[in-house]
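Chain by chain, the residues:
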Amino acid sequence: WAGGTIALAALGTVCHMPPVEVDPHAGPLVDRRPEYVRTWEGLIRKVTGWQAVRVVEWERWENKADGFRLTLELPTDTGKTHTDLTKFAGNLAGAARIPEGCHVQVLPAKIQGIAVLDVMLIDNLTKSDGSIHVEPTTPASVNDELTVMTTPRGEDLAICLRIDTVTIGGGTGSGKTTLLHRIIMWLARCVDCLIWIVDYNGGGLANNWIEPWARGKCGRPVVDWVATDENEFALMTAVALAISKARKSYPEVRRRVRERNTGGVLPVDAALPAVIVLADEGGSIQQKLTAIGAIAAEGLSQIAQLGRAMAVRSMVSVLRGTSDLMDKGFRTQSRVRVCLQMNEHDEYVHVLDVTPPKTPLEHKGSGYLRIRPGAPPVYGRTSNVHEAAIERHAIACSDLRPDLDEHAQ
């Protein structure tokens, strides 16, 4: 218990009652923890076979009936980690007979050898079935974080598109296109980034965002460049790479990096904006590779590998999580992975590069987010975007859009 005491002191306890007390009248040791804590400790020991595991903290979620969180001290003699416990999440959900659609999630703690277990008892993500996301139209920055999902506990799951290369997987009807519109809606507010889109399906992802400008309803389009075939895609990636490479020797870039001491990372603003290349349905790109298409696909991977410091970033969405539809070079560079409903469990593993629980994703927009290599996937749900809001947002954000800087032009 000495190690557990040190860990608790560092973490800050939620429940201060000591797990075991001596009753001076009864004599034997008495476990004062709530019944559900004792029950789950026994269940964890039974499912994992780790008899030394202990629940050292516990708390009910804000709505107590929805679920609870347990903090576990893992066996010290075997060097077990939260990653080892992740493999048992699905087994724990089944052994506990929690309702269909509910998940058991394993999360890392701030101290090695300690793991956090979130147990979902009510699938309250169904409550968001009819909710429509409303994005403000006030100026924002690509350096800010974007909330892409909400957990069953109501916590926001956020990523930074200035820093992270992103892969998004989701089958037909999973809500992938809605999530992409949600991302574009956010980027439209960013006064310091340009939006370039690759879409072999007639540029469908960009159409709703460009149409208000084409009809004369606003001064400029939200999306700055659309590639609908491999020739335009090859040109787009070549330009993006040229911008990234040229910026390294551009005096203004060197001045900014030196004055702000950013470690070689370009500080962006409206005068020197970031470039975000978003490739929709990357599997279609992989399937239709000619010589020019292969050059374009390789260029997208190079952007992921080389563009971060100079603010040229990329993201790719795929319908299937299979090796033939996902470029290996780009996938290797993707720090952030989002995986919505897929057809087969192996596809989740391929997109996320880690194994999520086998609990099926029941709702459109539900999925997993992996925020860094090796991190456990976190379960959540994206918000819906009403198509009618896209036109209003495109018009409202038109005046916020920056120009490509003169040197990049």
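Everything below is about the structure printed above this text.
Read on for an overview of the structure.

### What about the overall build of the protein?
- Along the backbone of the protein there are 13 helices and 16 strands.
- With 409 residues in all, the protein has 51% of them scored as buried.
- If you sum the accessible surface of the protein, you get close to 18,300 Å²; carbon and sulfur atoms cover 50% of it.

### A few points about the side chain of R247
- Structurally, R247 is set in helix 7 (residues 230-247).
- Residue classification places R247 among the buried residues on the basis of a relative accessible area of 1%.
- A polar side-chain atom of R247 sits 2.8 Å from the main-chain carbonyl oxygen of P273.
- A polar side-chain atom of R247 sits 2.9 Å from a polar atom in the side chain of D405.
- For R247, the contacting residues outside a window of four places in its chain are V253, L266, L272, P273, M310, A311, V312 and D405.

### Thoughts on the nonpolar core
- Ranked by internal contacts, the top residues of the largest apolar core, which has 61 residues, are W40, L70, L72, L117, W196 and V277.
- Looking at this core, the element that brings in the most residues is helix 7, giving 6 residues.
- When residues no more than four places from it in sequence are discounted, the contact partners of L117 are W40, I44, F68, R69, L70, L72, L85, L92, V104, Q105 and V106.
- Residues V148, I168, I183 and A274 belong to the second largest nonpolar core, which totals 51 residues.

### Structural notes on unusual backbone geometry
- Phi angles above zero are rare outside glycine, and R97 is one such case at about 55 degrees.
- Counting through the fold element by element, R97 comes out in the loop between helix 4 (89-96) and strand 5 (104-108).
- A relative accessible area of 69% means that R97 is categorised as exposed.
- At A311, a residue that is not glycine, the phi angle is positive and equals roughly 65 degrees.

### Quick look at the state of the cysteines
- Evaluated as defined, the whole model comprises 0 disulfides.
- Its sulfur unpaired, C160 is 9.2 Å from the next cysteine sulfur, which belongs to C190.
- Among the residues examined, C160 registers a relative accessible area of 13% and is labelled buried.
- Take C190: its relative accessible area is 0%, and that puts it in the buried class.

### What to know about the side chain of R337
- Within the element layout of this structure, R337 appears in strand 14 (residues 336-340).
- Put simply, R337 is tucked away with no salt bridge, and the nearest opposite charge, on D353, sits 4.6 Å away.
- Within polar-contact distance, the side chain of R337 engages the backbone oxygen of R331 at 2.8 Å.
- Ignoring anything within four residues of it in the chain, the contact list for R337 reads T167, R331, H350, V351, L352, D353, Y368, L369 and R370.

### What about helix 2 (residues 35-48)?
- For helix 2, which comprises 14 residues, the first-to-last C-alpha distance of 20 Å matches the rise-based estimate of 20 Å (1.5 Å per residue) to within 8%.
- Of the positions making up helix 2, those classed as buried are Y36, V37, W40, E41, L43, I44 and T48. All buried residues of helix 2 project into a common sector of 165 degrees when viewed along the axis, lining one side. Exposed and facing more than 90 degrees away from the buried side of helix 2 are E35 and K46.

### What about the sheet that holds strand 5?
- Read across the open sheet, the 4 strands follow the order 3-4-6-5; overall the sheet is antiparallel. Sheet topology places strand 3 (54-60) and strand 5 at the edges, where each strand pairs with a single neighbour. On average, adjacent strands in this sheet sit at an angle of 25 degrees to one another, irrespective of strand direction.
- Two strands pair when backbone bridges link them, and strand 5 and strand 6 (residues 114-120) are joined in this way by 5 bridges, in the antiparallel orientation. Across the sheet, the residue bridging to V106 is L117, located in strand 6.

Conventions used here
- Residues numbered from 1 in each chain as written.
- Predicted model: local features only at pLDDT ≥ 70, side-chain atom pairs only at ≥ 80, totals over all residues.
- Heavy atoms only, no water.
- Helix = DSSP H or I, 4+ residues; strand = E, 2+ residues; numbered from the N terminus.
- Buried < 20%, exposed > 50% of the residue type's maximum accessible area, 1.4 Å probe, protein only.
- Areas by Shrake-Rupley, 256 points an atom, 1.4 Å probe, with all protein chains shown as cover.
- Polar contact = N/O pair within 3.5 Å; in protein donor to acceptor, adjacent residues only side chain to side chain.
- Contact = heavy atoms within 4.5 Å.
- Core = buried A, V, L, I, M, F, W, Y, C linked by side-chain atoms within 4.5 Å.
- Disulfide = S-S within 2.5 Å.
- Lys, Arg positive; Asp, Glu negative; His and termini not counted.
- Salt bridge = Lys/Arg side-chain N within 4 Å of Asp/Glu carboxyl O.
- Expected span 1.5 Å × (residues − 1).
- Arc of directions from axis to C-beta.
- Pairing = 2+ DSSP bridges.
- Axes fitted to C-alpha atoms, helices over the stretch in contact; angles between N-to-C directions.

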